[in-house]
Amino acid sequence: MASRRLLYVKCSPRGARSHSVRVADAFVAAWKNRNRDGIVESLDLFEADIPPFDGPAVSAKFAVMRGESPSAADRAIWGKVIETIRVFTSADAYVFAVPMWNFGIPYRLKQYLDVIIQPGLTFSFSPSEGYKGLVTGKPALAVYARGGSYGPGSGMEAYDFQRKYLEAALGFIGFTDIRSIEVEPTLAEGPEAAKAAEAAAMAKAAQMAATF
Ligand SMILES: Cc1cc2nc3c(=O)[nH]c(=O)nc-3n(C[C@H](O)[C@H](O)[C@H](O)COP(=O)(O)O)c2cc1C
């Protein structure tokens, strides 16, 4: 049987200081421990060469949506889009380390999603069936770090567009098994509260790796 491939998408530019990355690192280490021949591929979105989703990319996208092939001018950018999607869809399982920025996700993750969510590649549409996700049967874990608290009873639930958006985007392209770990508050209640939140998240990460 082929080795399982885990794609680890880091969406914080803060390296070892990032809470979401530290907790996701712990999850990935625990997963690797249990999947000795598993392959972990890391994608640091603030370092990676993710193509811009600009005029030519949008024009290529619309050409594809109309069932036309992209023009010669659009083809170079579309090739990069397809390659980025190929790397994404070739994984068997996914881990995202995601900071909350202005109640949502960092712009590099939004750019990445704009690149990989494409008709005919990660979702399909037909008048009879409507929209259908094409990335199916694969688990995803998102580790969400937030400076404040957004969980049940916080009074801030409605401001959590970070989890809501990522889950909607992944659900749209076919994911049904989306797990999560929250690390919060990393700022609002001081360093002791942040430390305790991270320790609890680390324990959850080690546990969750057993069934991923
Ligand atoms: C640009 C920016 C915007 C942020 N916006 C929010 C926010 O809307 N709500 C919040 O609770 N924390 C916010 N924070 C704090 C981060 O969510 C917090 O530092 C978190 O730990 C970041 O994740 P990381 O440690 O994995 O980088 C923001 C931080 C930055 C840098």
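Look up: the structure comes first, before these words.
Rules and cut-offs
Residues numbered from 1 in each chain as written. Predicted model: local features only at pLDDT ≥ 70, side-chain atom pairs only at ≥ 80, totals over all residues. Helix = DSSP H or I, 4+ residues; strand = E, 2+ residues; numbered from the N terminus. Rg over C-alpha atoms; globule rule 2.2 N^0.38 Å. Buried ≥ 20, exposed ≤ 12 C-beta atoms within 10 Å, placed from the backbone. Near = placed C-beta within 6 Å. Nonpolar A, V, L, I, M, F, W, Y, C, P; charged D, E, K, R; others polar. Arc of directions from axis to C-beta. Contact = placed C-beta atoms within 7 Å. Pairing = 2+ DSSP bridges. Axes fitted to C-alpha atoms, helices over the stretch in contact; angles between N-to-C directions.

Colleague: Where do I start with the overall build of the protein in this structure?
Modeller: Along its length, the protein carries six helices and seven strands. Written out in order from the N terminus, the α and β elements of the protein read β-α-β-α-α-β-α-β-β-β-α-β-α. Taken over the C-alpha trace, the protein has a radius of gyration of 18 Å; the compact-globule value for 212 residues is 17 Å, and the two agree within 12%. With the C-alpha coordinates aligned to their principal axes, the bounding extent of the protein is approximately 55 × 45 × 35 Å. Within the protein, buried positions represent 32% of all 212 residues.

Colleague: Please explain the site of the ligand as it appears in this structure.
Modeller: With respect to spatial proximity, 17 residues lie near the ligand, and among them Ser20, Pro99, Ala145, Gly147 and Gly148 are the closest. Broken down by element, the shell around the ligand gets its largest block of residues, three residues, from helix 1 (residues 19–34). Its residues assigned to classes, the shell around the ligand comprises seven nonpolar, eight polar and two charged.

Colleague: What should I look at first to understand helix 2 (residues 55–65) in this one?
Modeller: Structural remark: α-helix, 3.6 residues per turn; residues separated by three or four positions point the same way. Where helix 2 is concerned, the buried positions are Ala57, Ala60 and Lys61. All buried residues of helix 2 fall inside an arc of 100° around its axis, so they share one side. Among the structural elements, helix 3 (72–89) are those in contact with the buried residues of helix 2.

Colleague: Sorry if this is basic, but what is going on with the environment of Leu109 here?
Modeller: Position of Leu109 relative to the elements: it lies in helix 4 (residues 107–116). With 49 residues separating them in the primary sequence, Leu109 and Ala158 have C-alpha atoms 21 Å apart. When near neighbours in sequence (up to four residues on either side) are disregarded, Leu109 contacts Cys11, Leu45 and Val98.

Colleague: Explain the sheet that holds strand 6 (residues 140–145) here, please?
Modeller: The strands that make up a sheet pair up through hydrogen bonds in the backbone, lying either parallel or antiparallel. What the five strands build is an open sheet, ordered 2-1-3-6-7; its pairing is parallel. On the outer flanks of this sheet lie strand 2 (39–44) and strand 7 (178–183), each paired with one strand and no other. In this sheet, neighbouring strand axes are inclined to one another by 15° on average, regardless of whether the strands run parallel or antiparallel. Pairing analysis gives five bridges linking strand 1 (residues 5–10) to strand 3 (residues 93–99), with the strands arranged parallel.

All we've got here are geometric facts, nothing functional implied.
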